[in-house]
Structures are given as C-alpha cells and as structure tokens.
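Structure at a glance
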There are 4 protein chains.
Amino acid sequence: MTVQAKTIALVGKLNATGVTESMAELANFLDQAGHTVLFEAETAQHMQLQAYACVTAPEIGKYADAAIVVGGDGTMLGIARQLAPYKVPLIGINQGRLGFITDIPLDRMLPVIAEMLEGKYVSEQRSLLQAIVVRDGNQIFSGMAFNDIVVSRGAGSGMVELRVDVDAHFMYNQRSDGLIVSTPTGSTAYALSAGGPLLHPSLRGIVMVPIAPHALSNRPIVLPDSSEIVIEIAAGRDISVNFDMQSFASLLHRDRIIVKRSAHTVTFLHPRGWNYYDTLREKLHWNEYPSVAGALN
Amino acid sequence: MTVQAKTIALVGKLNATGVTESMAELANFLDQAGHTVLFEAETAQHMQLQAYACVTAPEIGKYADAAIVVGGDGTMLGIARQLAPYKVPLIGINQGRLGFITDIPLDRMLPVIAEMLEGKYVSEQRSLLQAIVVRDGNQIFSGMAFNDIVVSRGAGSGMVELRVDVDAHFMYNQRSDGLIVSTPTGSTAYALSAGGPLLHPSLRGIVMVPIAPHALSNRPIVLPDSSEIVIEIAAGRDISVNFDMQSFASLLHRDRIIVKRSAHTVTFLHPRGWNYYDTLREKLHWNEYPSVAGALN
Amino acid sequence: MTVQAKTIALVGKLNATGVTESMAELANFLDQAGHTVLFEAETAQHMQLQAYACVTAPEIGKYADAAIVVGGDGTMLGIARQLAPYKVPLIGINQGRLGFITDIPLDRMLPVIAEMLEGKYVSEQRSLLQAIVVRDGNQIFSGMAFNDIVVSRGAGSGMVELRVDVDAHFMYNQRSDGLIVSTPTGSTAYALSAGGPLLHPSLRGIVMVPIAPHALSNRPIVLPDSSEIVIEIAAGRDISVNFDMQSFASLLHRDRIIVKRSAHTVTFLHPRGWNYYDTLREKLHWNEYPSVAGALN
Amino acid sequence: MTVQAKTIALVGKLNATGVTESMAELANFLDQAGHTVLFEAETAQHMQLQAYACVTAPEIGKYADAAIVVGGDGTMLGIARQLAPYKVPLIGINQGRLGFITDIPLDRMLPVIAEMLEGKYVSEQRSLLQAIVVRDGNQIFSGMAFNDIVVSRGAGSGMVELRVDVDAHFMYNQRSDGLIVSTPTGSTAYALSAGGPLLHPSLRGIVMVPIAPHALSNRPIVLPDSSEIVIEIAAGRDISVNFDMQSFASLLHRDRIIVKRSAHTVTFLHPRGWNYYDTLREKLHWNEYPSVAGALN
C-alpha cells in the first residue's frame, strides 16, 4: 500500500534529555518515507536541527496535516493551546511514563507513527475553555485553557471568598482556598486531586471543583459546556487566576473572571486500539486493590 | 386577561395527613376557575372524592394539559416514571419542606397555580434512564428510573464485584458495596450521599458513583448520556438492582444490567422566578458556614 | 547461638490450595529445630496431619509461646478474636500478596521464622472492640471485633436512621446506609473504603465512619478508646450488625448496640525491620502517582 | 452563697465594633462583684480603659485566676498560644455567632460568667503543637499552634513535594498543594475543609491531612500525639509554613519542619451543661438534611 505524502510538524519538550535524538530519528524516518517535515521554531532553535524547515504555530496551522509532539502531557498542553485555532490534529509521543494525552511510547514510535500515517488511528475531539478578566469594566487579561482555569489564594492569605454566577443566575458565595473550572481533559489533573469527578472527553460539560471549601456541603458541580460562568472576587487578598498553570494574572477585589467554552476544539489522533478507559485504568491503578483486611480474604 | 380553560390531572401522596383536604381545595379552585379536573385513579380511590372524573395514567397522558402532584419528591418520582411516555408537564406541590422537584409550598399553592395556568412558569426537561436485566441471554426484568439505577450487595454479603463496560469498551472490575448510575436529577439524591458530584439538570450526562469502593483511586465518572453501560455481576451474592428505590430485581452471578438513557423525558413546570441554583443553595445550606475556628475570625 | 525450645501453635486457612503443604513443611522445620508443634484443632482436622498434638484455642492460650497463622488477613482476624483472651503473640504468613497484618511471604517463611524465634522481631499491640446488643432491656447478642463493628441496612430497605450517644451525651441522629465503628486495625479495611482516615495502630482511638450519610457535613470522627458508644435503631428495617463481617445479628427498631474497647489486646510479632508505614505505602500505592496532566510535566 | 474574690484578666478582639462597650460592662460587673480586673496590655491600649490595671501575658499568667476573652475563635487562638505556658484557664465570649471554642453569647455573658465564677463550669484541656524549622542544621524558626501547622505552596508554584518521616520511619513522599498537621482543636478548622476527620478534644492524637494530593489513595492519617513528625521540602518553590495562619516562615528546598506535641496544654472553662457534641451538631448542621429526593419521602 502506498501512503500519500503528508506534511508533518514536529514539536518537542525543551531542555529534556534525549528528546533531540528522538526527534532527529523521527524526522529522518518521516523524511525517508517521503513526507515533508517542519519543525516548530522554538523546538528547532533548541535542537539546532538545521536540515528542516522551521515554522511558527500559524504556519503549522496553515501547512501541516498533523503535528507530532514529543514530551509529556505538559508539553502537549502548551502546544495544543497555541494550535487550537488551526484545527491541526495532534499526536503525542511520551518520553517517560505514558500520559493521559501523550500515549505513544518513545521506544515504539516509528512503527506506530507509520501505521497512523496510513490512516489507522482513533480520532477524538477535546474542548477548551477561554476566559477574560474584567476590572472596572475593562478587560485586563484573557487566556485559553486545555485543562483548567484556577482561581486561588496565596499561601499567606487565609482564604478567598468568590461570588459565582452561572448564566446570570447567582450560584453561591464560596469561601475556600480557590475554585477550579475544568474541561473533561482537565478532570484527570488538578480537579481530580481536589476531589472532582472524572468527565469523559466526549461529555459536553464543564466541572467546577472547590478547593478546601468551608461549607462542607459544597460539592463539585458539572455544568453544560454552553454555560457562562462569572467568578467575582468578593473577599481575600493575594489572589490569582491561572490557565493550565502556564499563564497567570493577579486579581483584585471585585475583579470578575468570565469563563466560557472556547469556540476552538483540538483533535487528537491515537494509535489504533486506543481507548480512554484503558488509559484511566492504567493511570489510576484501578486494578490494584489495597487488599483490605478481612474483606478480600 | 382571560385564561383559557385547561384539563388538569391531580395526583396525591397516599396515606398522608392533610393531603385529601388540600387536594379537595385545589380541585374546587380549579373547577371554579373553569378548568376540567381529572383525578388519578388510585389517588381518587384513597381520597373518596367522587365529584371528579377518575382516570388512568394513559388517560392523563391523553387528556390532561398538565398534572399537579401533591406530596414530596418521592411521590413525584413515582408518577413521573408512569407519565414519562405521555409528555404531560408536571407541577409539584410540597406539603412539607420544599423538595428538589416539588417546589411549590402548600400554603401558597392557589395563587401560584393560578399564575402558572396563565402561562407564567419556567419549563424544564429532565432525562430518565432505562435498563434491562439479562440472564443467560434472556431479558428477565426491565425498568425506568428518574433518579438512579443502583446495583448493591445485601448487608451480609461482604462485597460485590462488578465488571463494567461502556459502549463495548471494558472500563473496570469494581469491588465495592455497589454502583449507582444516576441522572442529573438523581445527582442530588443517593449519588450525592455516596460522594458523587452535582449534575446540572440540562447536562446531557449520566454519572456513575461507586459505593465504598475498595480501590481508593476509584472516583465518580460522568459519561455522555448517549452511553450504553453494561454492568455484569462478576462476584458476590445477595445482590440486587433497584430503580429509584421503588422497584427491585434480585441478581445472580453473570447477570448483566444494560443501562441507557430513556427515549422519554419529563417536563417540569416551575413557578416564575424559579432557579435551580436557588434550590441547591437552600437545600444544601451553602450559605451557612461552620465558622471554622481561626479562619473566619 | 542456641535458641531456647518453644511451643508453637499452627493455624491455617481452611480449604486453601497449598496451605496444607506449607504447614507440613513449617511444622517439620520447627520440629527439627527442637520446638514443640501444636495444631489448632479445626486446622488439623482439615489437613489430616496426625503427627502433631491437636489443641483448642484455650489450650493454645495455655501452652503456646506463639501462634503462627498461615493464610490471609481474614484468617488472622478470625483466630485473633478467639485467642484475644489468652495473650498469645501472633505471627502471620501470607500465602498470596502480603496483607496488612500477615506480613511474612510464604516463600521466605523458614528463614524469617527461624530468626524471629531467636528473638529478632518487632512486637506490637492491637486493640479490639466488644459490643452487646440490647433489646427491651435484655442482652440478646455479644461479640468482639478486631477490625470493625458495622450497623447497616439491607439492599432493599432505603436507609437506616441511627441515634448515637457517646459517654451518655447525644451525638446525632444519622440517616445513612450504615455506620462503621472501627479499631485502628480496621481503619485500613472497610472504614477506608467508606472514606475514613487511617489510624496508627498505637493510637488509642476508635473511629466512627458513616456510610453514604444524608447530611453532607457528616464526617468521620475519632474518639478516645475509653468512649462508650451507644447506637440505637431509630428507624429503618432489614438492619443488621456484624463483627468483622464474620458474625451477624439482625436488629429491630429500638435495639441498642453498646460498643466499647475490649479489655483484651492482641500482640503481633513482625520480622525485624518491619514498619507500619512501609506496609501502608506498599498497600496503598503511595508512590505511584497518576501523573496528573500538566502538573507533573 | 458568697463567691470568693478572684483576679480576672480581660482580653478583647481589637478593632471590632461594640467590643469596647461589652468589655467595659463586663469589667464593671466583675469589679462590682468584688473581683480584681486586669486588662491585657494591647487590649487596654486600644480600648482606652484607664480604670483597670494593665498587664502583659506573663503577668496574666502570674496573677490571674482566669482570663476572659471577648471576640471570636481567632482571637482566642492568638491569646491561647501566648498564655499556654502559664496554665491560666480561659473563658470565651463570642460577639457574633458562637464559635467552637468561644461559646458564651455576648447577650447572656453577665449571668453566665457570674455562675461560672461560683464554680459551676465544665473544664476541658486542649493540646497544642510546637515546631521548629531547621535549615542546614540550624534552627531558623519556631512556633506553637493551637489549631494547625500548615506547609503549603504559593498560588503560582504548581505543587510541593514533601518527604515525611514519623518517629524516624519514612512515611511517604507526598506531592500536593500542602500538608496540614492538626490538633483535635484544629480538626474542625482548615483540616476539616481539606477532608480530614473530626478528632474528639480528649483524643491524644494528631492528624495529618494532605491538601489536594496527587496520589488518590493518600488519606488523612491520625497519629498518637507522642509522634515526632519531620517534613522535608523535597521539591517545589514559594513554599511556606504557618502556625494557626497567624505566624509564617518561608521555606527553601531541604528545609525540615519538626513537629511535636507541645509540653503545654490550655484549659478552657465552659458554662455548665456545655457539651462538645452539641457544639458539633449545631456548627455542622447535622440535623438539617438536604431532603434527598426519593429517599426521604
């Protein structure tokens, strides 16, 4: 079978040992197979690979049939936000233990990528969040998140009180360490540590997870992803909002963060046979029981 | 303004003190206002109200413009499942403390109902679950649930092991006291007690909440409501499945429960100004903090 | 060095493949080393080992310097309750994956036991609970628990309402699936699945863990082990109490279960170097992170 | 009956409206009844009450038979730490909603205090924690906590990794937002919000509660209060430790916090009939059920 020649962009985790060699190997492999290889500019610069074209995120969007990311889930989060406007499908190769969204092991990357370029893959769409921060009627910050948007207090500031409105209805005043607004993708990240539920990636939902809430009956709530969530800083100091823990803004009393589903989505390509539940089971050790005394014996 | 005459079915909680008087008062009020009053058969029989037509659930479906239920959330659950196939909108009057879905106080029912019959209401759709139980290839039971479908062990049987597949993908083998599959409506009921998240009624999702799971990393998971969930009894004895705690089936090793969203939905009518978050806040005491020592002072 | 000859009782898990061979090997090893071997009566009967003296639990209490249990944590629970009055130290050999309290692997049992009989071991005391059930002023049942005493509803009975008093002070009326009263030993068993904390074995405490409580602010509470806990069945049907899931009593409305620390304690001997935290870490997979996306990368 | 004249120290919440008037009223009342009134120096300065002797904490320790604190639980925490070395019993008057440890309502203070000075009270002892921070072998900070000692990350720093050893045994490496080490008193404060259990004040225990831990099987653990807990900063930046959220130290990689039970205890005097469970029940709303749909009807 002949595989049609494609244009493939490569993005790598910077400053990680071994990534340069892996990417050179991958680029050479793709080149030999007749594909066109592009390197994301910052990746190329760090790796000093001069044999290939070096392109910006918008150019990847314009020319690439797919982007292959070598790194961990964090690397993927960063590039996914940048490429979200351009609808380029993403493939993730993990140099360490497999991640939730980087699911091809480095040592098997060549045969797996070869097969995927023949069209044997599982495609999946993920949603993103976007938010603006409004102060005194003016937008002072905006950002996009693939995992979560988190409003939280600093270590020395006691607590934050947030007023939350959804679709123009008052939800509650929440006293806590903070509030996580998460996509289904983010539901296996910080939101999970804070006690949130898992959300299947194809659920059209957004989950709000309080961090150490004062009201003991405060529970995570899952909203339709059409919801507009407005979070106002009602009390507290040294408060900030972050987007995937990768961009930040400091907040003042009365600032409002307005969160919505992004108009963009990101497409991931997984190897044939990939399955969300397999990943969950492996990552969360669902098959390994603590062998509870007296119950399993 | 003239209100168009309507046909209204009345359903009441049986054997509850005061309900008969309230329903007679309500029926008389509707009759005086020119509406046609029908009584659900079982209600009529208990109340010995002979002035009004007495009808079955299918007849309510055929003739009534709306059904008014007087009782608590449990009464509403029962009648909502029966009326689900007929698309009759439901109105709930609560004789005690307001419920999640019976939200009109008894002592204000007449003016509120009058206003609602003038078209001043908030309409809202709720989804239901349906399930069949399959043994040796044969369907041995089927049921519908407005809140939840719960598979659980008896008090003397140690634990149950369930194999769960979703959309033909293996999810996990779960050792626990049981598993709750809940609608958004049920997310404020048993699922909440067992540690599940809240689901907004308009979220197109189903939540699976394990009850006392052995695997400490087992967490509630929210699936799209298009999912087909198959629960197989892998180990354990004295196991049963219930639908809204109102119908039951005993289960044997290898029985499979196949759960899907019902094709039916139920429409609730709420008084003008009704708001889901107001109800949550009031029922869950979100505004009453435990006044945590040292943090709020 | 010469080890002083000791009298060692052997107890084994019944009907478990391989246990007979292991016990014969162990008995022979001890006999060769000059120790006196006694077999617990029921074990001896199942294993048809006729070369050794066959003794009852009280006789083990009278004659044995230590009892070695081959099985899992469940086997140990059963024998520990029986031997509690006699102060015989217990050693646990696990034929499968190591348990919380049976911590010597079968394939290393001979050298480890040899070393322990030389006095190289870690000794540790565990507390037990005892309870009586009182109906109409009469005691109708009594029992002892090494892990937990659990009051719970049957699968078809909706919920139980329990009135709890501690040291003659009213604590609460609790609506739930049930209530677990657990020792520190039991805190890694059912209580943990139901959301309870871990209790270090040397903590002089008892933990009460509600199972799926209606009141969302209901939390596990740890009491001094001098507390007297009285649980009264305030509402519900098909309710029972169990002791380590190994003995049971059915309960009626107004029955009271009176729980106290047992006057007895059990002594476990662990191999040199044994450490509670090592066991916890291994059993609970504390070193294996789910590699949360975006946070660890 | 004649009440013996006593020396009573008064301490008040600074900058709180109405406190000055209440304290003047209280001082006058005590003075009239023949008792000697002392004012804590800072309180006296703020309140400009010049009719009474003005004393330091050590002087309160030396001369006072009891100290009455007017404010909230936070005010009490601050003064309790200062007075801990001097064994002066403390009485708490709450100007707002009753606290966990300030349990006399302002509007009933005079008759209640009168009765307590006649010897009609419930006495109760509470434990404290102390800790030192060690950097490169030198102690750089020390502090005492009545509620909790909390190690946590700043809002912008991703996570902290802590190595925890207890009594010289390695417990775990914990990746999280932080770790709370709490007394029984603190178990109703921040530790509770973070998912910790309640600890009865007379339990001789310390609870460690992780804040948003990565390992989903990480659970709160209750240790005997004889434990020495060593927390080492294994990774992370912008990390600090606080004592009752009232004193702080910034931490660096490899710093160690060594936590033990303080040699001091604090004695609280409560009005006759006071009961810990009454307070819990009221503060945690244990009698107000969310009236779970379908379960309570």
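Residues numbered from 1 in each chain as written. Chains lettered and ligands numbered in written order. Predicted model: local features only at pLDDT ≥ 70, side-chain atom pairs only at ≥ 80, totals over all residues. Heavy atoms only, no water.

Digging into the overall build of chain A
Threshold: Runs of H or I in DSSP of at least four residues are treated as helices and runs of E of at least two as strands, each being numbered from the N terminus. Using C-alpha atoms as the atom set, the radius of gyration is obtained and then compared with a globule rule of 2.2 Å times the number of residues to the power 0.38. Relative accessible area decides the class of each residue, using a 1.4 Å probe on protein chains only: under 20% of the type maximum gives buried, over 50% gives exposed, and in between gives partly exposed. Should any heavy atoms of two residues lie within 4.5 Å, those residues are counted as being in contact. The accessible surface values rely on the Shrake-Rupley method and a 1.4 Å probe; as for residues, cover is taken only from the protein chains in view.
Helix and strand counts for chain A come out as seven helices and 19 strands. On C-alpha atoms alone, chain A measures out to a radius of gyration of 21 Å, which is about the 19 Å that the 2.2 N^0.38 rule sets for 297 residues. Seen along its three principal axes, the alpha-carbon backbone of chain A occupies a region of about 60 × 60 × 35 Å. Residues classed as buried in chain A amount to 63% of the 297 residues present. Put simply, of all contacts in chain A between residues at least 6 apart along the chain, 66% involve residues at least 24 apart. Approximately 10700 Å² of chain A is accessible, and the part contributed by carbon and sulfur atoms is 46%.

Remarks on the side chain of His200(D)
Stated precisely, the cut-off is as follows: Under this definition, polar contacts are N or O atom pairs within 3.5 Å; protein pairs additionally need one hydrogen-donor-capable and one acceptor-capable atom, and for neighbouring residues in sequence, both atoms have to be side-chain atoms.
Inspection of the secondary structure assignment puts His200(D) in the loop between β13 (198-199) and β14 (205-211). Engagement of the side chain of His200(D) in a polar contact is seen with the side chain of Ser202(D), the distance being 2.9 Å. Not counting residues within four places of it along the chain, the set of residues in contact with His200(D) comprises Val222(C), Leu223(C), Pro224(C), Pro184(D), Tyr276(D) and Tyr277(D).

Quick look at the relation of the copies chain B and chain A
To keep it simple, the criterion reads: Least squares is the method for superposing the copies, and the C-alpha atoms it fits come from residues with pLDDT of at least 70 in both.
Least-squares fitting of chain B to chain A yields an RMSD of 0.0 Å, with the transformation described by 0.0 Å of translation along the axis and a rotation of 180°. Given the turn and translation reported, the copies of this chain are related as if by a two-fold rotation axis. Identified as the residue of chain B closest to the rotation axis by C-alpha distance is Pro197(B), at 3.3 Å. Comparing interface residues between copies, 100% of those in chain B also lie at the interface in chain A; the contact surface is shared.

So, the interface of chain B and chain A
The following threshold applies: Computed with a 1.4 Å rolling probe, the buried area is the accessible surface lost when two parts are put together, summed over both parts. In this scheme, strands are said to pair when DSSP sees at least two bridges between them.
At the junction of the two partners, chain B supplies 45 residues and chain A supplies 45 residues. When chain B packs against chain A, close to 3700 Å² is buried across both sides, 63% of that on carbon and sulfur atoms. For the pair chain B and chain A, the number of links is 18 residue pairs in polar contact (both at pLDDT 80 or more). Every element with two or more residues in the side of chain B that touches chain A is listed here: β11 (169-176), β13 (198-199), β15 (221-224) and α7 (276-283) of chain B. Broken down by element, the residue count for the side of chain B that touches chain A peaks at seven residues, all from β11(B). Note: strand β15 (residues 221-224) of chain A against β13(B), two bridges, orientation parallel. For Ile221(A), the partnering residue across the bridge sits in β13(B) and is Leu198(B).

Here's the deal with the packing of aromatic side chains
As a reminder, the rule being used: A pair of aromatic rings is counted whenever rings of Phe, Tyr or Trp (Trp by its six-membered ring) have centres within 6.5 Å, and the orientation is called stacked for planes under 30 degrees apart, edge-to-face for over 60 and tilted otherwise.
On inspection of all chains with the given rule, the structure shows 20 aromatic pairs over all chains. Taken together, a centroid distance of 5.6 Å and an interplanar angle of 85° make the contact between Phe146(B) and Phe268(B) edge-to-face. Within this pair, whereas Phe146(B) is found in the loop between β8 (138-145) and β9 (148-153), its partner Phe268(B) is found in strand β19 (residues 256-271), the two being separated by 122 residues in sequence. Residue Phe146(B) shares its accessibility class with Phe268(B), and that shared class is buried. Ring centres 5.6 Å apart and planes at 65° place the aromatic pair Tyr276(C) and Tyr277(C) in the edge-to-face group. You'll find Tyr276(C) and Tyr277(C) in the same group, each marked buried.

Observations regarding the pairing of strand β19 (residues 256-271) of chain C
Residue and element names in this part refer to chain C. As defined by bridge partners, strand β7 (residues 121-135) adjoins β19 across 13 bridges and the pair is classed as antiparallel. Bridge pairing links valine 133 to isoleucine 257 in β19. For strand β16 (residues 229-235) and β19, the ladder comprises four bridges, and the chain directions are antiparallel. Bridged to isoleucine 229 within β19 is valine 259.

Considering the sheet that holds strand β12 (residues 178-182) of chain C
Ordered in space as β18(C)-β17(C)-β9(C)-β12(C)-β14(C)-β15(C)-β13(D), the seven strands form an open sheet in which the pairing is mixed. The sheet terminates laterally at β18 (247-251) of chain C together with β13 of chain D, the two strands that pair on one side only. Pairing analysis gives five bridges linking β12(C) to strand β14 (residues 205-211) of chain C, with the strands arranged antiparallel. Within β14(C), the position partnered with Ser182(C) by the bridge is Val207(C).

Quick notes on the sheet that holds β9(B)
Spatial ordering of the open sheet is given by β13(A)-β15(B)-β14(B)-β12(B)-β9(B)-β17(B)-β18(B), a layout of seven strands whose pairing is mixed. Of all the strands in the sheet, just β13 (198-199) of chain A together with β18 (247-251) of chain B have a single pairing partner and so form its edges.

Observations concerning helix α5 (residues 109-117) of chain D
Residues and elements named next belong to chain D. What counts here: An arc is given here, and it is the one of the directions from the helix axis to the C-beta atoms.
Within the sequence span of α5, burial applies to Met109, Val112, Ile113, Met116 and Leu117. Across the axial projection of α5, the buried residues extend over an arc of 135°, all falling on one side. Looking one or two residues past α5, glycine 119 carries a phi angle of roughly 95°, positive in sign.

A word on the side chain of Thr102(B)
Residue and element names in this part refer to chain B. Position of threonine 102 relative to the elements: it lies in the loop between β5 (90-94) and β6 (104-105). On the accessibility criterion, threonine 102 (0% relative accessible area) is buried. A distance of 2.8 Å separates the side chain of threonine 102 from the side chain of aspartate 73, its partner in a polar contact.

Details of the confidence of the model for chain A
Residue and element names in this part refer to chain A. The line we're drawing: A score between 0 and 100, pLDDT records how confident the predictor is in each residue.
The share of residues in chain A with pLDDT of 70 or more is 95%, and the mean pLDDT across the chain is 91. A low-confidence stretch, residues 290-297 (pLDDT under 50), is modelled with 37 contacts involving residues beyond four sequence positions or located in other chains. Among the prediction metrics, the complex's ipTM stands at 0.93, with pTM recorded as 0.95.

Describing the pattern of salt bridges
How we decide: What counts as a salt bridge is simple: a side-chain nitrogen of Lys or Arg found within 4 Å of a carboxyl oxygen of Asp or Glu.
One pass over the structure, following the stated rule, counts 52 salt bridges over all chains. Between Lys120(C) and Glu118(C) there is a salt bridge, with the nearest N and O atoms lying 3.2 Å from each other. Between Asp278(C) and Arg281(C) there is a salt bridge whose closest N-O contact spans 2.8 Å. Highlighted residues: Asp278(C) and Arg281(C), both in helix α7 (residues 276-283), separated by three residues, approximately one helical turn. Its relative accessible area of 14% is what places Arg281(C) among the buried residues. Taken together, the shared-partner salt bridges in this structure form one network comprising Arg204(A), Asp225(A) and Arg261(A).

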